[in-house]
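# Inside the fold
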Amino acid sequence: WSLFALGDVGGWSIGNASELTWQAMLGSKIQFTEHLGLQTGYRALGVHRSGALESAILHGPQIGFFVRF
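Residues numbered from 1 in each chain as written. Predicted model: local features only at pLDDT ≥ 70, side-chain atom pairs only at ≥ 80, totals over all residues. Heavy atoms only, no water.

Before going further, it helps to examine the overall build of the chain. Of the regular secondary structure elements, the chain holds zero helices and four strands. If you list the helices and strands of the chain from N to C, you get β-β-β-β. A compact globule built from 69 residues would reach a C-alpha radius of gyration of about 11 Å, whereas the chain, at 16 Å, exceeds it by more than 25%. Judged by the C-alpha coordinates and their principal axes, the chain covers about 45 × 25 × 15 Å. Per-residue burial for the chain yields a buried fraction of 17% across its 69 residues. A sequence separation of at least 24 residues applies to 39% of the contacts in the chain between residues at least 6 apart. Per element, the accessible surface of the chain, about 5,100 Å² overall, is 64% carbon and sulfur. Across the chain, the 4 positively charged side chains and the 4 negatively charged ones have centroids separated by 9 Å. (Helix = DSSP H or I, 4+ residues; strand = E, 2+ residues; numbered from the N terminus. Rg over C-alpha atoms; globule rule 2.2 N^0.38 Å. Buried < 20%, exposed > 50% of the residue type's maximum accessible area, 1.4 Å probe, protein only. Contact = heavy atoms within 4.5 Å. Areas by Shrake-Rupley, 256 points an atom, 1.4 Å probe, with all protein chains shown as cover. Lys, Arg positive; Asp, Glu negative; His and termini not counted. Charge placed at Lys NZ, Arg CZ, Asp CG, Glu CD.)

As a further point, take the environment of M25. By the secondary structure assignment, M25 is in strand β2 (residues 20–31). In this structure M25 comes out as buried when scored by relative accessible area, which is 4%. If we skip the residues at most four places from it in the chain, M25 touches F4, A5, L6, Q39, T40, G41, Y42, R43 and Q62.

Our focus in this paragraph is the sheet that holds strand β3 (residues 36–48). In space, the four strands of this open sheet follow the order β1-β2-β3-β4, with antiparallel pairing throughout. Each edge of the sheet is formed by a strand with only one pairing partner; in this case those strands are β1 (2–11) and β4 (55–67). Sheet twist, expressed as the mean angle between neighbouring strand axes with direction ignored, is 15°. With 10 bridges joining them, β1 and β2 adopt antiparallel strand pairing. From the neighbouring strand, L3 faces β2, where its bridge partner is S28. (Pairing = 2+ DSSP bridges. Axes fitted to C-alpha atoms, helices over the stretch in contact; angles between N-to-C directions.)

Here you go:
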């Protein structure tokens, strides 16, 4: 069993990219076998862009199943 935090920042208005995007996640994962596990957490994704969509932040719980090989 382990806890993790991750995040990134991007965009920078390069080409047709958003002015700024970011995401952050705090979660935990449990590994059942050497190759199989389950991951849960809470993730937020932010986008700032000029035009029709000025800015938005999407957030909520996340669950995933993973296979390591």
